[in-house]
Amino acid sequence: MGRKSILARLFAMKEAGILFGMLGICVVLSMTTSSFLNRYNLTIVVRQASFVGIVALGQTMVLLTGGIDLSVGFIAGLVGILTTLLMSSFSVAPLLAVPIGLAAGAVFGVVNGLVISRVKVNPFITTLALGEIFAGAIMVITNGYPILNLPSSFSFLGQGQVFGMPMPVIVFLVVGAMLAYILRYTAFGRNIYAIGGNRLAARLVGIRVERVISAVYMLAGFLAALAGILFSSRISTGQPTTGANWGMPCITAAIIGGTSLSGGEGSIVGTILGSLFMAVLANGIVLLDISPYWERIIIGAVVILAVVIDVLRTRGRPRS
Amino acid sequence: MDTPFLGIRNVSKSFPGVTALEDVSLSVERGEIHALVGENGAGKSTLVNILAGLLVPDSGGVFKNGAPLPFGDPMLMLRNGIGMVPQELTLVPHLSVAENIFLGSLPTRFGTPAIDWGRAVEKARDILGRIDPEIDPRLKLGDLGMARQQLVQIARAMAFSVDVLIFDEPTSALTYRETDRLFELIHSFCDAGGAVFYISHRMEEIKRLCLTVTILRDGRLIKTDCVTNLETAQIIELMVGRETKKSGRPAVADSAGAPAALRVESLTRVGEFEDISFYLHKGEILGFAGLMGAGRTELMKCVAGDTAPDSGTIRVAAAAAPVHFGHPAAAIAGGIAYMPEERRNYGIFPVMNVAENMTIASLRAFTRHWSIDRKSEAERVEEMIGNLRIKTPSWRQAIRNLSGGNQQKVILARWLLRGCAILILDEPTRGIDVKAKREIYELLWRIRRGENASIIIVSSELQELMDVCDRIVVMHEGRLKGEIVPREGITQNDIMRVALS
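All figures in this text were calculated on a predicted structure; none of them were measured in a lab.

Another aspect to go through is the overall build of chain A. Of regular secondary structure, chain A possesses 14 helices and two strands. For chain A, the spread of C-alpha atoms along the principal axes amounts to about 65 × 55 × 35 Å. Taken across its 320 residues, chain A has 50% of its residues classed as buried. Pairs at least 24 residues apart make up 76% of the contacts formed inside chain A by residues separated by at least 6 positions. A total accessible area of about 14700 Å² is found for chain A, and carbon and sulfur atoms account for 69% of it. Distance from the positive charge centre (20 side chains) to the negative charge centre (8 side chains) of chain A: 12 Å.

The next thing to look at is the environment of V98(A). Residues and elements named next belong to chain A. Along the chain, V98 falls in helix 5 (residues 94-117). V98 sits in the buried class, given a relative accessible area of 14%. Placed 16 residues apart in sequence, V98 and L82 show a C-alpha to C-alpha distance of 9.5 Å. Not counting chain neighbours up to four residues away, the residues in contact with V98 comprise T83, F154, L157 and I229.

With that settled, the discussion passes to unusual backbone geometry. Residue A317(B) is not a glycine yet carries a positive backbone phi of 50°. Position of A317(B) among the secondary structure elements: in the loop between strand 14 (311-316) and helix 10 (328-333).

Turning our attention to the sheet that holds strand 9 (residues 212-217) of chain B. All names here are of chain B. Spatially, the six strands line up as an open sheet ordered 6-7-8-3-9-10, and their pairing is mixed. The open sheet is flanked by strand 6 (82-85) and strand 10 (220-226), the only strands paired with a single partner. Each strand of the sheet is rotated relative to its neighbour by a mean of 20°, with strand direction disregarded. Pairing geometry for strand 3 (residues 33-37) and strand 8 (residues 195-199), over four bridges, is parallel. Counted as the bridge partner of A35 is Y198 from strand 8.

All names here are of chain B. Taken in spatial order, the six strands line up as 15-18-19-13-20-21 in an open sheet, and their pairing is mixed. Of all the strands in the sheet, the pair left with one neighbour each is strand 15 (336-339) and strand 21 (479-484). Along the sheet, successive strands turn relative to each other by an average axial angle of 20°, direction set aside. The sheet contact formed by strand 20 (residues 471-476) and strand 21 spans five bridges and is antiparallel. Residue pairing across strands places I472 opposite I484, the latter belonging to strand 21. Set on the sheet, helix 9 (residues 296-303) makes contact with strand 13 (285-290), strand 15, strand 18 (422-426), strand 19 (454-458) and strand 20; between it and strand 13 the angle comes to about 140°.

Another point: the side chain of T186(A). Relative to the assigned elements, T186(A) resides in the loop between helix 8 (167-185) and helix 9 (187-197). Within the structure, the side chain of T186(A) is placed 3.1 Å from the backbone nitrogen of G189(A), a separation counted as a polar contact. If sequence neighbours within four positions are ignored, T186(A) has contacts with Y181(A), W370(B) and I372(B).

Moving on, we come to the packing of aromatic side chains. If you walk through the whole model with that rule in mind, you get seven aromatic pairs over all chains. Grouping aromatic residues by their ring pairs yields a cluster made of F51(A), F231(A) and W246(A). In this structure, K301(B) is placed above the aromatic ring of Y346(B), and the distance from its NZ or CZ to the ring centre is 5.3 Å. Over the face of the ring belonging to W395(B) we find R396(B), whose NZ or CZ atom lies 4.4 Å from the ring centre.

Moving on: the interface of chain A and chain B. At the interface, 27 residues of chain A touch 33 residues of chain B. Taking both partners together, chain A and chain B bury about 2700 Å²; carbon and sulfur atoms supply 60% of that area. Where chain A meets chain B, there are two salt bridges. In this structure, the salt-bridge partner of R190(A) is E377(B), at a minimum N-O distance of 2.8 Å. Joining chain A to chain B, the criterion identifies seven residue pairs in polar contact (both at pLDDT 80 or more). The set of elements that each furnish at least two residues to the side of chain A that touches chain B consists of helix 8, helix 9 and helix 10 (199-204) of chain A. The residue makeup of the side of chain A that touches chain B, split by class, is 13 nonpolar, seven polar and seven charged.

Our focus in this paragraph is the pattern of salt bridges. Residue and element names in this part refer to chain B. Scanning the entire structure with this criterion turns up 24 salt bridges over all chains. For R125, the salt bridge is made with D136, and the minimal N-O distance between the two is 3.8 Å. On the criterion of sequence distance, the pair formed by R125 in helix 4 (residues 117-131) and D136 in the loop between helix 4 and helix 5 (146-159) is long-range, its members being eleven residues apart. In this structure R125 comes out as partly exposed when scored by relative accessible area, which is 42%. Among the residues examined, D136 registers a relative accessible area of 25% and is labelled partly exposed. Two residues, E439 and K409, come together in a salt bridge whose shortest N-O distance is 2.4 Å. Remark: K409 occurs in helix 15 (residues 404-418) and E439 occurs in helix 16 (residues 434-450); sequence separation between them is 30 residues.

This part is about the confidence of the model for chain A. Residues with a pLDDT of 70 or more make up 95% of chain A, whose mean pLDDT is 91. Scored below 50 in pLDDT, residues 316-320 of chain A shows five contacts in the model against residues more than four places distant or in partner chains.

Among the nonpolar cores identified, the biggest contains 146 residues, and I207(A), M358(B), L412(B), W415(B), L423(B) and L444(B) are the most heavily contacted of them. In terms of nonpolar packing, the next biggest core, distinct from the first, is built from 52 residues, L185(B), I206(B), L230(B) and V434(B) among them.

Before going further, it helps to examine the pairing of strand 13 of chain B. Residue and element names in this part refer to chain B. Judged by how many residues are buried, strand 13 sits mostly within the fold: six of six residues are covered. Going residue by residue along strand 13, you find I285, G287 and A289 tucked away on one face and L286, F288 and G290 tucked away on the opposite face as well. Strand direction decides the pairing type here: strand 13 and strand 19, joined by four bridges, are parallel. Residue pairing in the sheet places G287 in a bridge with I457 of strand 19. Two strands pair when backbone bridges link them, and strand 13 and strand 20 are joined in this way by five bridges, in the parallel orientation. Along strand 20, the bridge assignment pairs G287 with I472.

So, about the packing of helix 4 (residues 72-89) of chain A against helix 11 (residues 209-235) of chain A. Residues and elements named next belong to chain A. At their nearest, the axes of helix 4 and helix 11 sit 7 Å apart, and the two run at 55° to each other. Between helix 4 and helix 11, the crossing angle belongs to the class labelled oblique. Helix 11 is crossed by helix 4, and the crossing has right-handed handedness. Of helix 11, the residues touching helix 4 (which contributes V72, I75, A76, V79, G80, T83 and T84) are A220, G221, A224, A225, G228, I229 and S232. Its residues assigned to classes, the contact of helix 4 with helix 11 shows eight nonpolar, six polar and no charged.

Rules and cut-offs
Residues numbered from 1 in each chain as written. Chains lettered and ligands numbered in written order. Predicted model: local features only at pLDDT ≥ 70, side-chain atom pairs only at ≥ 80, totals over all residues. Heavy atoms only, no water. Helix = DSSP H or I, 4+ residues; strand = E, 2+ residues; numbered from the N terminus. Buried < 20%, exposed > 50% of the residue type's maximum accessible area, 1.4 Å probe, protein only. Contact = heavy atoms within 4.5 Å. Areas by Shrake-Rupley, 256 points an atom, 1.4 Å probe, with all protein chains shown as cover. Lys, Arg positive; Asp, Glu negative; His and termini not counted. Charge placed at Lys NZ, Arg CZ, Asp CG, Glu CD. Pairing = 2+ DSSP bridges. Axes fitted to C-alpha atoms, helices over the stretch in contact; angles between N-to-C directions. Polar contact = N/O pair within 3.5 Å; in protein donor to acceptor, adjacent residues only side chain to side chain. Phe/Tyr/Trp six-rings, centres within 6.5 Å; stacked < 30°, edge-to-face > 60°. Lys NZ or Arg CZ within 6 Å of the ring centre and 35° of its normal. Buried area = accessible area lost by both parts, 1.4 Å probe. Salt bridge = Lys/Arg side-chain N within 4 Å of Asp/Glu carboxyl O. Nonpolar A, V, L, I, M, F, W, Y, C, P; charged D, E, K, R; others polar. pLDDT = per-residue confidence, 0-100. Core = buried A, V, L, I, M, F, W, Y, C linked by side-chain atoms within 4.5 Å. Parallel < 35°, antiparallel > 145°, perpendicular 65-115°, else oblique. Left-handed = near helix turned anticlockwise from the far one by under 90°.

Here it is in C-alpha cells:
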C-alpha cells in the first residue's frame, strides 16, 4: 500500500461519510443561525449526545458480535430507579448506591448474555423479552411515580463540570476511548470482531465464544446502567420513563456510524460520531424552528442515506 | 463450414480491473462432453455463467443451431435448452424436491395461478425416475444429502428438456460411487443427443469422461483438442503457462519406529464413527481415505475437541493420561490444530485482514501488558507471507480478496504461528487450482521436515493422498478398515477393496 494523502485516507475510512455529513450540517447551522456556534449551545448538544451515546457504545460491542440488545434502555431506566430508590428510601450514600446500581446493570446484562450464549435463544427475542421484564419491574417498583428527595451530592455526576466539561461528556469520551482501545489492542477486542465475522470459525480457532458473548452483554448492561445513573443525576430524579425511548436511537447511532447489523464490522469512533450527529440534528431542528415532530422522519432518512452511501462505497469491491 | 450445435463466437467480458474473457470462440456438437480447464480466475466460470444467462458479455455471441441466444436471463436460457449445475447449489432447501425442480414454472390448474401439486409431484417423479428413483419428490430438499441435492439440480435442468448441460465441478462433494453414477447419467444424456460442458480440476475425471478439452488461461483460450491427444502433464502445463515439476515428493517416511504424536483408542461417537484406533507418528503425514459419509470429518472434529466422544481415549505425544478436550481451545492448547473443510464457512473471517486472520489463534503470544504488540504482530505476519509465498498486496488486505489457495496458506500460517505439533487438514485443497495445490503440498513437506510437526490429511482425492502421505488409513461407514502405504500402482480399486473388506 503506497503512501496516500491524509485526505484520501480519510475518505476511504468507513466513518468518513458520517464525519463529513456532520461537519456539513455544523457549517450550515453556523451560517443559518446565530445560536448554534457558541459554547453554551455546543455544550448542550454534546451533553445531550452523551446519555444515549454511552448506551450506544455498549450496543456497538453487542452489534459487533452479531447480536443486538433491545433491553439496554430499560436496564438504564431500572438501574436509575434502583439507585435513586436506595438513596431516597434507604438513605444509602451515593458513593455506595452508584456502584450497586452499576453492578445491577452488569448482572442484568449477564442474564441476557447467558440466555443468548448458553441457552442459545436468539438475541432479538431474549433482549426483547427481558427488556419487557425490566420495563415492567420499573412500573411495579415505582407505580409510575418519580423518585425524589435525592442527596445533593448525587447531582455532581450529571450536573457537575470538570475543566468546563460536563461530567456526562467526560464519562462518554473516557468510556469511548477505553472501548476503542480494547477493540483495537486487546485479544478480547479481536475476538469480538472474529465472532461477529464468523462465529463457527471463531470456535474452531479456540475462542470461548460463549464467554465473550456473555461478557459483551454484561458490558452493555453496565454501560446502560451508567447512562441511567448519569441521567437520573442530571434531572435529580428517579424518573420511570428514563431510557424508555433509548433503545432504538442507540442502535441508530451505531448504524449511522458504520456498524454492521450482521456483525464483524464497525467502530467506536463511528458510534461516537453517530451519537453526536443525532444530537446536532435534533439541535438543528430546534434552532431552525422546524416542528420537532419532523426529527424522527429526518433521522430515518439519514439512516437510509448512510446505508446507501455505504453500499455505494463498497460496490466494485470483490466479494468473497 | 457447418453450423455448430452450440457455438460461442468471440466472447469477451471484463470486470472492473480484470479482463475475465478475451475473444473466446469454441463450439460443441451433440453427444460431445467438452471439458473446460484452467486455474482459478482463468475465466471458466465467467464463460459458463454467460451460457447460463447469469452474465452478459461485453461483446460476442452464443449461437444454437445458428440462431443467436439472448443473454442475461437464466430462465430464458433454460427454455432455450441450456441448463447449469452450479458448483454451489442454488436451490431452496426449505422447499420440496418437486418445487425445486419446477421453481419458476410450477404447473398450474386450468390457467389459474393455483399450483397443481398432484401434477407437479407426478412430473417430478417421472423425471427423477430417470436419475434416481429413490428420491421422493415430496421430501424437503434440505433433508437430502449433498449428492442427491445435486441430482435434483440435474433433474431441474432435465425438466426443461435441455440439450446442453453445464457442470461446474460437480464431483467435489461426491463420493466415488456417486461420481460413477453421475458419469453414467452424463453419458446417457449425451447418447440421447445432448452436449455437456464439464469444469473440473481433477484431471483423471477429465481423462475418463470427456471427449474434448479447452484450456483457458487469464481469460484467453489457449487450446482446444481431443483429450486423447494431450497428456495430463501437457494440460497442466498449458493451464499454468510454464513447465511444472513432475513431483518433487520426498521419499515416503518410514516412521514406524518414531515416537507417537497422537494415539487414539476405541474412539466412538454413536451414529458417527465406532471403535476407531490409530497412531500418528512424529513427523508423519497420515492420510484418511474413504467415501463421503465414512465419518472422517466427524472423527477429526472429535479429535480436535469440537465434539465429545461417547467412549474411547485420545492421548497426545508420550503422555500416559488420556485428554478430555471439551472445546477446540483445549485441543489447541494440547497442540492439535484443525483446519476444517469448507474454508469459507468455517475457516476464514472474511472481513478481517490477512494479519488478523493469521494471528487470531495466537494473540496471547503477541500480548504484552494487556495489549497486542501490533508491530511485532505485523513483523511475524510479513515473515509468514514471505515464507509461505502468500500472494497478497499487503497484510492489510481483507482475506476475502485472496484466492482460495492463498486463503488456505493464511490458515496454515495461523497454526504454524500457534506452533501446534499436530495439524489436521480436512480437504485442504478442495476448489484450489493445480499450481496452488502443489505449493500447499510442498509446504506440508517443509513443515514436516522443519517444524517437527505431524500431519493428518483427510481427502476425497486419492491422488492427493498418494502424492502427499506417508501412510493412508481407509475408513468406511464409521469404521477404520485398514491401512495402505502409498507406492506406484495403487489405484482407486485398492482403496475400495480395503474399504469394503
